[in-house]
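Structural features, examined
Listed below, chain by chain, are the residues.
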Amino acid sequence: MKNSTILRRTLLASAMVGAVAIAMPTSQAQAQDQSFLLSTASTGGTYYPVGVAIATLIKTRLQPTEGIDLSAISSAGSGENVRLLREGEVDFAILQGLFGAYASNGTGPLEEEGPQENLRSITGLWQNTEHFVMRSSDVESGTIADMANVMGEPVSMGAQGSGTLGSNTVLMGNLGMPLDEYELVYMGYNPSADALQNNQIVAMSTPGGVPVAQVEQLNWTKREHFSVSH
């Protein structure tokens, strides 16, 4: 239990400089382990590099003295991370706050699973900025309202099982632009940026801590062709 307490405190201290939220199961068997897994999201977003940084810090600070090891793995994102925690496949995960609430209350896309009382939140990491990137030719107001201009066309609102798709479902639905009004293409951040640049989709949403690399990529390579609303 001593090693588990040290690990939790170190994750808390290191996570304060990052973003989003980390949740963990409270299984006693897992608390005795010396090797832990941290589930993040796709390699193109913010979760994965932050997870790798946290894991590197644990390896550097705790493995030599306490024998505690942490490895970061990629996943589909928050939705899958809740499942991985529930099924004991990982020990820690970075979660979008929305999915943490879903898991805790057994609501939304996790209603069938019911409240997951074995999850605990360690800390908040960062506030996401919602980046909606579109072709400039489809932009009129420069706000999220312009997404109404591309209803029925192919857009990327996140990969299956991702927090991106989950939050966009809530956000766009509340704004009167439900995702079933679009032709959804389920992709992560890197493929979305490539598809937008190659005219395979007309818009993408990539929430994350600023700066999001894929938004910067499009902004600087073809600045006159794309517009970003937050």
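Scroll up to find the structure this text is about.
Figured I'd write up the structure that's included with this text. (Residues numbered from 1 in each chain as written. Predicted model: local features only at pLDDT ≥ 70, side-chain atom pairs only at ≥ 80, totals over all residues. Heavy atoms only, no water.)

**Considerations on the overall build of the protein chain**
Of regular secondary structure, the protein chain possesses nine helices and ten strands. The buried share among the 230 residues of the protein chain stands at 46%. Contacts in the protein chain between residues at least 24 apart in sequence constitute 72% of all its contacts with a sequence separation of at least 6. (Helix = DSSP H or I, 4+ residues; strand = E, 2+ residues; numbered from the N terminus. Buried < 20%, exposed > 50% of the residue type's maximum accessible area, 1.4 Å probe, protein only. Contact = heavy atoms within 4.5 Å.)

**Side note on empty space enclosed by the protein**
Summed over the entire model, instances satisfying the criterion amount to two cavities of 30 Å³ or more. In this structure, the largest cavity occupies an estimated 210 Å³ of space. Taken together, 21 residues form the lining of the largest cavity, with A41, S42, S162, T164 and Y189 sitting closest to its centre. Here the residues of the lining of the largest cavity sort into eight nonpolar, 13 polar and no charged. (1 Å grid on protein atoms, 1.4 Å probe; cavity = no way out; pocket = protein on both sides within 12 Å on 5 of 7 lines; lining within 4 Å. Points joined across faces, edges and corners; volume = space filled by probe spheres on them. Nonpolar A, V, L, I, M, F, W, Y, C, P; charged D, E, K, R; others polar.)

**Describing unusual backbone geometry**
Phi angles above zero are rare outside glycine, and N199 is one such case at about 65°. Given a relative accessible area of 59%, N199 falls into the exposed group.

**Considerations on the packing of helix 6 (residues 97-105) against helix 7 (residues 163-174)**
Relative placement of two packed helices is described by the angle separating their axes and the distance separating the axes. Two numbers describe how helix 6 lies on helix 7: the axes approach to 9 Å, and their chain directions differ by 85°. The orientation of helix 6 with respect to helix 7, classified from their angle, is roughly perpendicular. Only G163, G166, S167 and V170 of helix 7 make contact with helix 6, whose side of the interface consists of L98, F99 and Y102. Its residues assigned to classes, the contact of helix 6 with helix 7 comprises four nonpolar, three polar and no charged. (Axes fitted to C-alpha atoms, helices over the stretch in contact; angles between N-to-C directions. Parallel < 35°, antiparallel > 145°, perpendicular 65-115°, else oblique.)

**Describing the pattern of salt bridges**
Taken as a whole and judged by the stated rule, the model has six salt bridges. A salt bridge links R83 to E80, with the shortest nitrogen-to-oxygen separation between them at 3.2 Å. With R83 and E80 both in helix 5 (residues 78-86) and three residues apart, the pair spans about one turn of that helix. For E153, the salt bridge goes to R135, with nearest N and O atoms at 3.6 Å. Of the two residues, E153 is situated in the loop between strand 6 (132-135) and strand 7 (154-156) and R135 in strand 6; the sequence distance between them amounts to 18 residues. (Salt bridge = Lys/Arg side-chain N within 4 Å of Asp/Glu carboxyl O.)

**With respect to the side chain of S162**
Looking at where S162 falls in the secondary structure, it is placed in the loop between strand 7 and helix 7. When sequence neighbours within four positions are dropped, the list of residues in contact with S162 reads A76, G77, S78, G79 and F99.

**A few points about the side chain of S39**
Of note, S39 is situated in strand 2 (residues 35-39). Taking the relative accessible area as the measure of exposure, S39 reaches 0% and is therefore buried.

**Examining the environment of N149**
Its location among the elements puts N149 in the loop between strand 6 and strand 7. Judged by its relative accessible area of 31%, N149 is partly exposed. Between the C-alpha atoms of N149 and D138, which are eleven residues apart in sequence, the distance is 6.4 Å. Residues in contact with N149, not counting those within four places in the same chain, are D138 and E140. A polar contact of 2.9 Å, which involves the side chain of N149, links it to the backbone oxygen of D138. (Polar contact = N/O pair within 3.5 Å; in protein donor to acceptor, adjacent residues only side chain to side chain.)

**Things to note about helix 7**
Given a rise of 1.5 Å per residue, twelve residues ought to cover 16 Å, and the 17 Å separating the end C-alpha atoms of helix 7 matches this to within 8%. Listed in full, the buried residues belonging to helix 7 are G163, T164, L165, G166, S167, N168 and M172. Against helix 5, helix 6, strand 6, helix 8 (189-197) and strand 9 (203-205) lie the buried residues of helix 7. Where helix 7 terminates, the next one or two residues include G176, which has phi positive at roughly 80°. (Expected span 1.5 Å × (residues − 1).)

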